[in-house]
Structures are given as structure tokens and as C-alpha cells.
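Chains, contacts and geometry: an overview
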Amino acid sequence: NDPFPKEDVAPNSTWAHGTHVAGILAATTDNGLGMASTSYNAKYISVKASRENQTGEPGISDGFAGITYAAKAGYYAGSFTIINNSWGGGGYSASENTVINNAQDNYGAIILGAAGNGYDSGGDEYGAHYPSSYDNCISVCAMSCSYNWGGWATYHPTVDLAAPGESIQSAIIGGGYESWDGSSMA
């Protein structure tokens, strides 16, 4: 029940990834500070999918449970729900795709997924990446701010759209801002 990052982690560690992504989505628009969000006047909930007792850098242990939780929370609050998934890897699973389908079909959620950073997964820039490659998940590939594909972001036939993902400024743990690269930033 605690959406906050693990205590005492570095502001640019893997534990801080969710904070940086959430800052892109939830930044206040038109206040003259940091950056502005494209999702004007939206409401947000944070869902932590890593377990607090993990040592070292976190893994996603409860990602699909998090998708279901977020879909239900938005549905029962009477809201329009968009679920961002800036995590993933290789390996198709029918049961995982069922979770995505359930969130869309039964709770009206729109599910998005970062298409992946090919260099992080052994250099496979053209391989499938999950959950972004599942049916009913909108897959987002990163590109440069000059609209070029940098050759590092995963690009696969399941990619639906691309957005800038290089040198994207956002909030970091402990205050302040940093520019990061990645399909999560797209």
C-alpha cells in the first residue's frame, strides 16, 4: 500500500525510474517550473510493482497485478483510466495477455507500454517486448527530439507510435530535475 520509492535510494537509480516517468505525466502545466505535462488536469495514482524487501536494483514482481489494480481503481472511481507500463522484457505469456485484455474489456482501461530499450536486452532492437507487444497494449517507441530513431530503442512490428525519448527532463527523488533517455520517457 506504499507507492513511494524505497527509502535512501539514489535519485538516478532504477528505484527512481517510476518517479521520473510519473513526473513526465503529472507535471503541473503553466507554472514556470521544471517542465509541463501533456495531460492537463488529470488525476493520478501510483502503483508500485516492485517489492520493498528486494535488495539491489528492483525487478517488477507485481506488474500484472498492478495493471488489474489500476484498471479496477479507475473503473470503480467512475474515471477514464489510462495505465502506463514503463517496464518489460522478452517472453510471451497467454496469461499475461489475458490480464491486458481483461483490463480493457471489463474495466475500459487503455493500456500503454514502453516498447523497450534494445541495448538493455542484449542489443535486440527488433525483438518483441512485453507487455508492450501484447494485444490491446499501445506500444510506444522512443526517438530523438529531432524525430529520428536513434537505433537504440526497440522497434518491432507491434509498435504503435513513437515519441521523443532522449534527454527528457523530469522530477527525481529528493527534488530537482534530470534529463534521462529511454522508451519509458517517450
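The preceding data block contains the structure.
Remember, predicted model here, so these are calculated numbers, not experimental data. (Residues numbered from 1 in each chain as written. Predicted model: local features only at pLDDT ≥ 70, side-chain atom pairs only at ≥ 80, totals over all residues. Heavy atoms only, no water.)

This paragraph deals with the packing of aromatic side chains. In total, this model carries 9 aromatic pairs according to the counting rule given. Ring centres 5.9 Å apart and planes at 70 degrees place the aromatic pair Tyr92 and Tyr130 in the edge-to-face group. With Tyr92 in the loop between strand S1 (82-85) and helix H3 (94-107) and Tyr130 in the loop between strand S2 (110-114) and strand S3 (137-143), the pair connects residues that are 38 residues apart, well separated along the chain. For Tyr92, a relative accessible area of 52% puts it in the exposed group. What makes Tyr130 buried here is its relative accessible area of 14%. (Phe/Tyr/Trp six-rings, centres within 6.5 Å; stacked < 30°, edge-to-face > 60°. Helix = DSSP H or I, 4+ residues; strand = E, 2+ residues; numbered from the N terminus. Buried < 20%, exposed > 50% of the residue type's maximum accessible area, 1.4 Å probe, protein only.)

Turning to helix H1 (residues 17-26), a few remarks are in order. Here H1 has its buried residues at His20, Val21 and Gly23. Taken around the axis of H1, the buried residues stretch over an arc of 155 degrees, which confines them to a single face. Check the buried side of H1 and you find it contacts S1, strand S5 (168-171) and strand S6 (177-180). (Arc of directions from axis to C-beta. Contact = heavy atoms within 4.5 Å.)

Another point: the pairing of S1. Burial along S1 is one-sided: the residues Ile83 and Asn85 are buried and none of Ile82 and Asn84 is. Alignment of S1 against S2, held across 4 bridges, turns out to be parallel. Note that in S2 the partner of Ile82 across the bridge is Ile110. Each parallel crossover has a hand, and for S1 linked through H3 to S2 it is right-handed. (Pairing = 2+ DSSP bridges. Right-handed = clockwise from strand over helix to strand, strands pointing away.)

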